[in-house]
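# Commentary on secondary and tertiary structure
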Amino acid sequence: MRYLTSHHTFMYSRQAALPNGVNGQQGAAGFTLLEVLIAIGITAMIGLGSWQILNSAIRTNEHTQVKLEELKALQKTMLIISRDLQQVVSRSIRDEYGDYQPALQTKGSLYKLELSRAGWRNPLGDPRSNIQRVAYELNQDEFVRHYWNVLDRSQDSESVYRTLLKGVEEFSIRFMKEDYSWADEWPLTADTDEEEDRDPRFKVNQLPRAVKITFKLKQFGTVSKLYDLVSYLPNKVLEDGAE
């Protein structure tokens, strides 16, 4: 004969008081497999959407940075050209063969534009002129600036160059003449031989009233700017006795 202790009596009464389905393993609460799969699917969809938004933001930022760098390069190029043209001086040079080359020229030059400009700073006090010879070249799709450490070059003189702009499809220049008409090349042909006889450097020292440059760029299309030459003076032959 088995006697029930007080502990057994308490456990029996507690189990009898519990509702059906709560006691034992059969009554344990939890998620079904379908509910778990649905939760995983929703989480994956939210994660995928968040990743797409983040990836789009990163790509947009990278594209914006590239465009900003291209715009910065274009603005810097325009500023450098402006400084060169606004400080152009009527100073012809001698090339490697000892021939006179115009102060500003496109005709008969290896470069798109070649000129002499003042204002070349010399903070170290090097033994050189403050006038600098500058040239611009279009090398495939790269716009390159050259300069020389001397004005009158020797055969071993080499230019210092750097690329200012990339993605250039075309580069053109026009020059405003004294009568406000336009010319595609510079310098102009002297009107009479008498002018050259009286001043042999008349032709090579002429300057236009203004210069218009035009870029055709892959990134921004056609970009043009007009530069007035502040150092322009009427192109006249020096009279006898004039300084």
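For the structure itself, consult the block above.
In what follows, the accompanying structure is described. (Residues numbered from 1 in each chain as written. Predicted model: local features only at pLDDT ≥ 70, side-chain atom pairs only at ≥ 80, totals over all residues. Heavy atoms only, no water.)

### Some points on the pattern of salt bridges
Our working rule: Basic side-chain nitrogens of Lys or Arg form a salt bridge, by our definition, when they fall within 4 Å of a carboxyl oxygen of Asp or Glu. Put simply, DSSP H or I for four residues or longer makes a helix, DSSP E for two residues or longer makes a strand, and each gets a number counted from the N terminus. Burial classification: accessible surface area is computed with a 1.4 Å probe over protein chains only, and a residue below 20% of its type maximum counts as buried, one above 50% as exposed, and the rest as partly exposed.
The final tally for this structure, using the stated rule, is nine salt bridges. We note a salt bridge from E70 to K67, for which the minimum N-O separation is 3.7 Å. Of this pair, E70 and K67 both sit in helix α2 (residues 33–86), three residues apart, which is roughly one turn of that helix. For K67, a relative accessible area of 32% puts it in the partly exposed group.

### Focus: the sheet that holds strand β10 (residues 210–217)
Where strands meet in a sheet, backbone hydrogen bonds hold them as pairs that are either parallel or antiparallel. Here is the rule we go by: Strand pairing is assigned whenever DSSP detects at least two bridges linking the two strands. The contact criterion used is simple: two residues touch if any of their non-hydrogen atoms lie within 4.5 Å. Helix axes are fitted to C-alpha atoms over the stretch in contact, other axes to C-alpha atoms as well, and angles between N-to-C directions run from 0 to 180 degrees.
An order of β9-β8-β10-β11 is seen for the four strands of this open sheet, with the pairing classed as antiparallel. Taken across any chain shown, the strands that pair with only one partner, and hence form the sheet edges, are β9 (182–183) and β11 (221–228). Pairing of strand β8 (residues 168–176) with β10 involves eight bridges; the strand directions are antiparallel. Following the sheet pairing, E170 is matched in β10 by K216. With respect to the sheet, α2 is in contact with β10 and β11, its orientation differing from that of β11 by roughly 25°.

### A closer look at the nonpolar core
Inclusion rule: We call a set of buried residues a nonpolar core when its members are Ala, Val, Leu, Ile, Met, Phe, Trp, Tyr or Cys and they connect through side-chain atoms within 4.5 Å of each other.
Core analysis: the biggest nonpolar cluster contains 28 residues, and F143, I213 and F215 have the highest contact counts within it. Breaking this core down by element, the ones donating at least two residues are α2, β4 (113–117), β5 (132–139), β7 (160–166), β8, β10 and β11. The greatest single-element share of this core, amounting to five residues, is contributed by α2. Not counting residues up to four positions away in its chain, the partners in contact with F215 are T77, M78, I81, F143, L165, V168, E170, F171, G221, T222 and V223.

### Some points on the packing of aromatic side chains
The line we're drawing: A pair of aromatic rings is counted whenever rings of Phe, Tyr or Trp (Trp by its six-membered ring) have centres within 6.5 Å, and the orientation is called stacked for planes under 30 degrees apart, edge-to-face for over 60 and tilted otherwise.
Within the structure shown, the criterion is met by seven aromatic pairs. Between the aromatic rings of F143 and F171, the centroid separation amounts to 4.8 Å while the plane-to-plane angle is 55°, which identifies the pairing as tilted. Residue F143 is found in strand β6 (residues 142–148), and its partner F171 is found in strand β8; the two are separated by 28 residues along the sequence. Like F143, the residue F171 is buried in the burial classification. Look at F175 and W186: their rings are 5.8 Å apart centre to centre, the planes differ by 40°, and that puts the pair in the tilted class. Of this pair, F175 sits in strand β8 while W186 sits in the loop between β9 and α3 (193–198), and the two are eleven residues apart along the sequence.

### Quick word on the environment of R153
For clarity, the threshold we go by: What qualifies as a polar contact is a pair of N or O atoms within 3.5 Å, subject to a donor-acceptor requirement within protein and to the restriction that residues adjacent in sequence count only when both atoms come from side chains.
Within the fold, R153 resides in the loop between β6 and β7. Spatially, the C-alpha atom of R153 lies 9.8 Å from that of R133, the residues being 20 residues apart in sequence. Among all residues touching R153, those that are not within four sequence positions of it are I93, R94, D95, E96, E114, R133 and W148. Here the side chain of R153 touches E96 through a polar contact of 3.2 Å, side chain to side chain. At 3.5 Å, the side chain of R153 and the side chain of E114 are in polar contact.

### Looking at the environment of F171
Classification of F171 by relative accessible area gives buried; the value is 8%. Sequence spacing of F171 and E137 is 34 residues, and the spatial spacing of their C-alpha atoms is 9.3 Å. What F171 contacts, discounting residues up to four positions off in sequence, is K112, L138, F143, I213, T214 and F215.

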